[in-house]
Amino acid sequence: MAALFWADQKAEEITQRKKFRYIDREISSFEHFVVKTSASISGVLHIGRLSDTIRGESVVRALRDAGYEAELIWVAEDMDPLRKIPEGVPRELEEYIGTPVSATPDPWGCHSSYAEHHVASYFEVMEEFIEVKPEKYSMREEYRRGSFRPFIKKLLENLELVIEIQNKYRSKPLEKGWSPFTPVCKSCGKIITPRVERFEEGKVYYRCQDYAFEKHVAKGCGYEGIADPLRDEGKLMWKSEWAAQWARWHVASEGAGKEYVVPGSAWWVNAEICERVLDFPMPVPIFYEHLMIDGQKMSASLGNVVYPHEWLRVAPPQLLRFLYNKKLMKTRSFSWRELPKLYDEYDHVARVYYGLESVDNEKEAEHLRRLYEMSQIGEPQPALPLPFSHAAMVAQLFASREAVISSLKRSGHYSPELEEELLKRVAYAKEWVERYAPEMKLSLLDKVEEVKEKLTPEQRQFLRSLWEWLSQDERSGEEIQEKIFLLAKEVNLSAAKAFGAVYLATLGTARGPRAGPFLASLDREWLLARLREVTRTS
RNA sequence: GGGCCCGUAGCUCAGUCUGGUUAGAGCAUCGGCCUUUUAAGCCGAGAGUCGCGGGUUCAAAUCCCGUCGGGCCCGCCA
């Protein structure tokens, strides 16, 4: 049967394809498959950036599960220039705009460069979300070691073809003297400012000039120089470098945002260069949709950026994998408010995985089981019999570990072998309510008018008796709990209606936490006043 | 100009690639049960022109063509 899960389908495509796309040639068989994921090091890692890595890693796992040798590689694009000063980064760095991030100093002083600083924390976080650990590379190191030299040589030897391919996708042809190699200024060290004036006899002649980014201007120093592309004096341009990376690492597949699907995008220009100039078949693209936050793009200016450490405060990494692995080409919108829904869905899929719940459509069930498997890191997580929303309530009512456990036992959400997992979920839920769901906080109702009308005469009578009994003496939670049943019986009210009256009068809701302990935890004066007020007949 | 995704119950979606029993789930709603697990659990109900129009087929949410609506992206920076 053909694969149902997207990553398995990709694996099939990767291993079964036969021909190059742009030239009429057979693809010689790969002995092992490399999936690449990379990141520019301009700023801090947010969960959107994990998408590429998680999805690439899923494909590696799918390839391995299909019996092939596969590995994940992660490349730091640390030869790229610093383009802007991200939030939280000292402004003094502004003078380094246009300098490769690997040559920009670490403003915090703890690493050898700005790039090193971010790469270090990047790994730490990234590896919490993946099972297959990637081999790591740095473009700075690659150029230094000369790994790209053969490819640069080939590109320059076939310069006319490279230009022809690029021009196919341009309305304005490249200027004469253009080169796919862009030098680092020998004088000031910037990479964005050297403007190539001509490419002659294998050398790039440049002059260092101002370069305007969207918001910043990288100051050029005016230096005029000559760079040798075959020495470590610069880097390839984006359209050529990507192709060279594919050929250098024998990349069989790589993730890319859906903006690259568009014909003529950098992906396809590189793909054609890769095949026609570098004789290497273009990788199978893993185009994916981007994650949206509350239906909007994640961006610093909107202030909705979600960082991994924030995610990990309220949910395990498996849940983010789950979100990303559900579907490849469908926009996923995440919202803190709807986190419980994501948990519910995850729990449902877990139950299907463990055979605790069935799904009519067997194809769908199989898909869900695979999805669950792919969302895991190491040992699959057990299916937890505790809905997140319930965990959120328990988390607010009970502070101590023992109190939480005994509440879970009472409500039937407990299982001794899952104790640690359950407590972890309660802890996640507590953080979630605190930070993202203030409306979920148990809050007492201020105004009683509309609530009074909803109460039946029997319910009022019941509340009156409860008030009388409570006002006689201090009562414990369990005493109250028992008394409610007795009083309800006296006025011939069902237990459900009696409890309903209690919640309506205090919270304004139809339901609430276990009534006895809840009422006992309230301010006694407030409670007595409230009960008297709602039962007053006037 | 071009490309991608989505449109299925009040809401969020699954099912579409690989066509096949009366189209599913969760949540929400409504009803019932519970004298001690009352934001829980159990039982049940209502609720859908599968965006619209054509075509292919014994059979279409599913394939093909067209069309409308919503979202996102590319136009030569990386």
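A short tour of the structure in this document, coming up.

### Some points on the overall build of chain A
- Along the backbone of chain A there are 21 helices and 15 strands.
- Taken against the 2.2 N^0.38 rule, which gives 24 Å for 538 residues, the C-alpha radius of gyration of chain A at 31 Å runs more than 25% over that of a compact globule.
- In terms of principal-axis extent, the alpha carbons of chain A reach across some 105 × 55 × 40 Å.
- Here chain A holds 538 residues, and 51% of them are scored as buried.
- A sequence separation of at least 24 residues applies to 68% of the contacts in chain A between residues at least 6 apart.

### As for the pairing of strand β6 (residues 203–208)
- Across the two faces of β6 the burial differs, with Val204, Tyr206 and Cys208 buried and Lys203, Tyr205 and Arg207 not buried at all.
- Note: strand β5 (residues 194–200) against β6, 6 bridges, orientation antiparallel. The residue of β6 that forms the bridge with phenylalanine 199 is valine 204.
- Count of turn residues in the β5/β6 antiparallel hairpin: 2 residues, of which glutamate 201 carries a positive phi of about 45°.
- Relative to strand β9 (residues 224–227), β6 runs antiparallel, the two being bridged by 4 bridges. Following the sheet pairing, tyrosine 205 is matched in β9 by isoleucine 226.

### What about the sheet that holds strand β14 (residues 296–297)?
- Taken in spatial order, the 3 strands make up an open sheet running β14-β13-β15, and their pairing is mixed. Unpaired on one side and paired on the other, β14 and β15 (332–334) mark the two borders of the sheet.
- In terms of strand pairing, strand β13 (residues 291–293) meets β15 through 3 bridges, oriented parallel. Residue pairing for β15: leucine 291 is matched across the bridge by arginine 332.

### Things to note about the protein's contact with RNA strand B
- The environment of RNA strand B is formed by 46 residues, the closest being Ser171, Arg410, Leu442, Tyr503 and Gly512.
- Arginine 83 has a polar side-chain atom sitting 3.3 Å from a sugar or linking oxygen of RNA strand B.
- Lysine 172 places a main-chain nitrogen or oxygen 3.5 Å from a base nitrogen of RNA strand B.
- For the surface near RNA strand B, the secondary-structure elements that each account for two or more residues are α7 (238–249), α12 (362–375), α13 (388–397), α14 (401–411), α18 (477–490) and α19 (495–506).
- Tallied by class, residues from the surface near RNA strand B come to 16 nonpolar, 9 polar and 21 charged.

### Here's the deal with the pattern of salt bridges
- Under the definition given, this model contains 40 salt bridges.
- Here lysine 219 ties to aspartate 210 by a salt bridge, and the two come within 3.4 Å at their closest N and O atoms.
- In this structure lysine 219 comes out as exposed when scored by relative accessible area, which is 53%.
- Owing to a relative accessible area of 45%, aspartate 210 belongs among the partly exposed residues under this scheme.
- Several salt bridges share partner residues, and in doing so they unite Asp8, Asp65, Arg370 and Glu373 into one network.

### Notes on the sheet that holds β9
- Pairing within the open sheet is antiparallel, and its 3 strands lie in the order β5-β6-β9. One side of each edge strand has no neighbouring strand; the edge strands of this open sheet are β5 and β9. Direction aside, neighbouring strands of the sheet carry axes that sit 25° apart on average.

### Structural notes on the side chain of arginine 475
- Take arginine 475: it is sitting in the loop between α17 (457–472) and α18.
- It is aspartate 473 that comes nearest to the buried, bridge-free arginine 475 among opposite-charge side chains, at 4.6 Å.
- A polar contact is formed between the side chain of arginine 475 and the side chain of glutamine 472, at a distance of 3.3 Å.

### Some points on helix α5 (residues 149–157)
- Every buried residue of α5 is accounted for by Phe151, Ile152, Leu155 and Leu156. The arc that holds every buried residue of α5, seen down its axis, measures 130°, which confines them to one face.

### A word on the packing of α18 against α19
- In the contact formed by α18 and α19, the axes pass within 9 Å of each other and the chain directions differ by 120°. When the axis of α18 is compared with that of α19, the two are oblique. Helix-helix and strand crossings are classified by hand; for α18 and α19 the assignment is right-handed. Residues Gln481, Ile484, Phe485 and Ala488 of α18 form the contact with α19, whose own contacting residues are Ala495, Ala498, Phe499 and Val502.
- Class assignment of the residues belonging to the contact of α18 with α19 gives a composition of 7 nonpolar, 1 polar and no charged.

Reading the values: the criteria
- Residues numbered from 1 in each chain as written.
- Chains lettered and ligands numbered in written order.
- Predicted model: local features only at pLDDT ≥ 70, side-chain atom pairs only at ≥ 80, totals over all residues.
- Heavy atoms only, no water.
- Helix = DSSP H or I, 4+ residues; strand = E, 2+ residues; numbered from the N terminus.
- Rg over C-alpha atoms; globule rule 2.2 N^0.38 Å.
- Buried < 20%, exposed > 50% of the residue type's maximum accessible area, 1.4 Å probe, protein only.
- Contact = heavy atoms within 4.5 Å.
- Pairing = 2+ DSSP bridges.
- Near = heavy atom within 4 Å.
- Polar contact = N/O pair within 3.5 Å; in protein donor to acceptor, adjacent residues only side chain to side chain.
- Nonpolar A, V, L, I, M, F, W, Y, C, P; charged D, E, K, R; others polar.
- Salt bridge = Lys/Arg side-chain N within 4 Å of Asp/Glu carboxyl O.
- Axes fitted to C-alpha atoms, helices over the stretch in contact; angles between N-to-C directions.
- Lys, Arg positive; Asp, Glu negative; His and termini not counted.
- Arc of directions from axis to C-beta.
- Parallel < 35°, antiparallel > 145°, perpendicular 65-115°, else oblique.
- Left-handed = near helix turned anticlockwise from the far one by under 90°.

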